[in-house]
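Each chain, written out:
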Amino acid sequence: MSLSTQIMEEIKTAMRAKDTIALEALRAIKSEILLAQTATGSKEEITAEEEIKLLQKLVKTRKDSAKIFTEQNRLDLAEPELAQIAVIEKFLPAQLSEAEVEAVIAKIIAETGATGIAAMGKVMGLAAAQLGGTAEGKTISTIVKKLLT
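### What to know about the overall build of the chain
Here's step 1: Within the chain, the regular secondary structure consists of seven helices and zero strands.
Here's step 2: The N-to-C order of helical and strand elements in the chain reads α-α-α-α-α-α-α.
Here's step 3: Dimensions of the chain along its principal axes, counting C-alpha atoms only, are 55 × 45 × 25 Å.
Here's step 4: Counting across all 149 residues of the chain, residues that qualify as buried make up 32%.
Here's step 5: Counting only contacts in the chain whose residues sit at least 6 apart along the sequence, the fraction spanning at least 24 positions is 60%.
Here's step 6: For the chain, the exposed surface amounts to about 9200 Å²; the carbon and sulfur share of it is 57%.
Here's step 7: Across the chain, the 19 positively charged side chains and the 21 negatively charged ones have centroids separated by 2 Å.

### So, helix α3 (residues 48-71)
Here's step 1: With 24 residues, α3 extends 35 Å between its outermost C-alpha atoms, agreeing within 8% with the 34 Å of an ideal straight helix rising 1.5 Å per residue.
Here's step 2: All of the buried residues along α3 are Glu51, Leu54, Leu55, Leu58, Val59, Arg62 and Ala66.
Here's step 3: Next to the buried residues of α3 lie α1 (3-17), α2 (20-38) and α4 (75-89).
Here's step 4: Remark: Asn73 follows α3 within two positions and exhibits a positive phi of approximately 55°.

### A short note on the pattern of salt bridges
Here's step 1: Applying the stated criterion across every chain, the model contains eight salt bridges.
Here's step 2: Its salt-bridge partner being Asp76, residue Arg74 comes within 3.0 Å of it at the nearest N-O pair.

### Considering the nonpolar core
Here's step 1: In terms of nonpolar packing, the biggest core is built from 20 residues, with Ile7, Leu26, Ile29, Ile33, Leu55, Ile88 and Phe91 touching the most fellow members.
Here's step 2: Going through the elements one at a time, α1, α2, α3 and α4 are the ones with two or more residues in this core.
Here's step 3: A per-element tally of this core places α2 first, with six residues.
Here's step 4: Contacts of Phe91, omitting those with residues within four sequence positions, involve Leu3, Gln6, Ile7, Glu10, Leu26, Ile29 and Leu55.

### Here's the deal with the layout of surface pockets
Rolled over the atoms, a probe sized like a water molecule indicates the empty space that remains.
Here's step 1: Empty space within the largest pocket amounts to approximately 730 Å³.
Here's step 2: Around the largest pocket sit 27 residues that line it, and Gln56, Ala135, Glu136, Gly137 and Lys138 are the ones nearest its centre.
Here's step 3: Only α3, α6 (120-131) and α7 (137-148) provide two or more residues apiece to the lining of the largest pocket.
Here's step 4: Here the lining of the largest pocket gets 10 residues from one element, more than from any other, and that element is α3.
Here's step 5: Classifying every residue of the lining of the largest pocket gives 11 nonpolar, six polar and 10 charged.

### Observations regarding the packing of α1 against α2
Here's step 1: The interhelical angle for the contact between α1 and α2, taken along N-to-C directions, is 155°, at an axis separation of 9 Å. In terms of their interaxial angle, α1 and α2 are classed as roughly antiparallel. α1 and α2 meet at a crossing whose hand is left-handed. Facing α1, whose interface residues are Leu3, Ser4, Ile7, Met8, Glu10, Ile11, Ala14 and Met15, α2 presents Ala22, Leu23, Leu26, Arg27, Ile29, Lys30 and Ile33.
Here's step 2: Looking at the contact of α1 with α2 residue by residue, the classes come out as 11 nonpolar, one polar and three charged.

### Things to note about helix α5 (residues 98-112)
Here's step 1: With 15 residues, α5 ought to run about 21 Å at 1.5 Å a step, and its terminal C-alpha atoms sit 21 Å apart, in line with that.
Here's step 2: Within α5, the full set of buried residues consists of Val101, Ile105, Ile108 and Ile109. Take α5 and look down its axis: the buried residues cluster within an arc of 100°, on one side only. Seen from the buried face of α5, the exposed residues on the opposite side, beyond 90 degrees, are Ala99, Ala110 and Glu111.
Here's step 3: Against the buried residues of α5 lie α6 and α7.
Here's step 4: Backbone geometry just downstream of α5 places Gly113 in the positive-phi region, at approximately 70°.

Here is what the cut-offs are and how they apply
- Sequence order as written defines residue numbering, which begins from 1 separately in each chain.
- The predicted nature of this model means local features are confined to residues of pLDDT at least 70 and side-chain atom pairs, given and counted, to a pLDDT of 80 or more, with totals for whole chains, interfaces and linings taken over all residues.
- Water and hydrogen atoms play no part in the side-chain values, which are based on all heavy atoms of the structure.
- Here a helix means four or more residues in a row that DSSP labels H or I, a strand means two or more in a row labelled E, and each is numbered from the N terminus.
- Each residue gets one of three labels from its accessible area relative to the maximum for its type: buried under 20%, exposed over 50%, partly exposed in between, using a 1.4 Å probe on protein chains only.
- We call two residues in contact when some of their heavy atoms are within 4.5 Å.
- Each accessible area is a Shrake-Rupley result for a 1.4 Å probe, and residues are judged covered by the shown protein chains and nothing else.
- Only four residue types enter the tally: Lys and Arg on the positive side, Asp and Glu on the negative side; His and the chain ends are excluded.
- Just so you know, the charge point we use is NZ for Lys, CZ for Arg, CG for Asp and CD for Glu.
- Each helix should span, by expectation, one fewer than its residue count multiplied by 1.5 Å.
- Counted as salt bridges are all cases of a side-chain nitrogen of Lys or Arg within 4 Å of a carboxyl oxygen of Asp or Glu.
- Remark: nonpolar core denotes a set of buried residues (Ala, Val, Leu, Ile, Met, Phe, Trp, Tyr, Cys) joined through side-chain atoms within 4.5 Å.
- Cavities and pockets are defined on a 1 Å grid built over the protein atoms alone: a cavity is a set of grid points where a 1.4 Å probe fits but cannot escape, while a pocket is an open set with protein on both sides within 12 Å along at least five of seven lines, and lining residues are those with an atom within 4 Å of any such point.
- Grid points are joined across faces, edges and corners, and a volume is the space filled by probe spheres set on the points.
- Here the term charged refers only to Asp, Glu, Lys and Arg, the term nonpolar to Ala, Val, Leu, Ile, Met, Phe, Trp, Tyr, Cys and Pro, and the term polar to all other amino acids, Gly among them.
- Every axis in this analysis is a line fitted to C-alpha atoms, fitted for helices over the stretch in contact. Angles between the N-to-C directions lie between 0 and 180 degrees.
- Oblique is the label for every angle not falling under 35 degrees (roughly parallel), over 145 degrees (roughly antiparallel), or within 65 to 115 degrees (roughly perpendicular).
- We call a crossing left-handed when the near helix sits turned anticlockwise from the far one by less than a right angle, and right-handed when that turn is clockwise.
- Each direction from the helix axis to a C-beta atom contributes to the arc, which is the arc of those directions.

Okay, here's the thing in structure tokens:
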């Protein structure tokens, strides 16, 4: 079942349950999917990788917003953002732990023979391709910097 079909089913369920936070998050996902599909000018389906990137972007923006709201002591605004993150993350693949990500990156560094921070771009590209969707870019970047310095 495609992501857009899953989202439509979840929207119906959220509407029946009168779950406004889930409904808002699901509608945001649906909106982003439609924007991505029509961005090319045609109504073609987007790939699974593009769907994962789209969902990760939505989670990241909500995390950033929640962080800002928390720093400003606006928990009334931060809580709905955090609740929406939980709804969106249901559609993402399981995230790897930092130890698992570090093991994959260490293997990539060993295979490429990368040394020093100058090779960071090369390692990041390979790591992002291999770990796509299972780890945040920020986590990957932090671990790559740690291992290359």
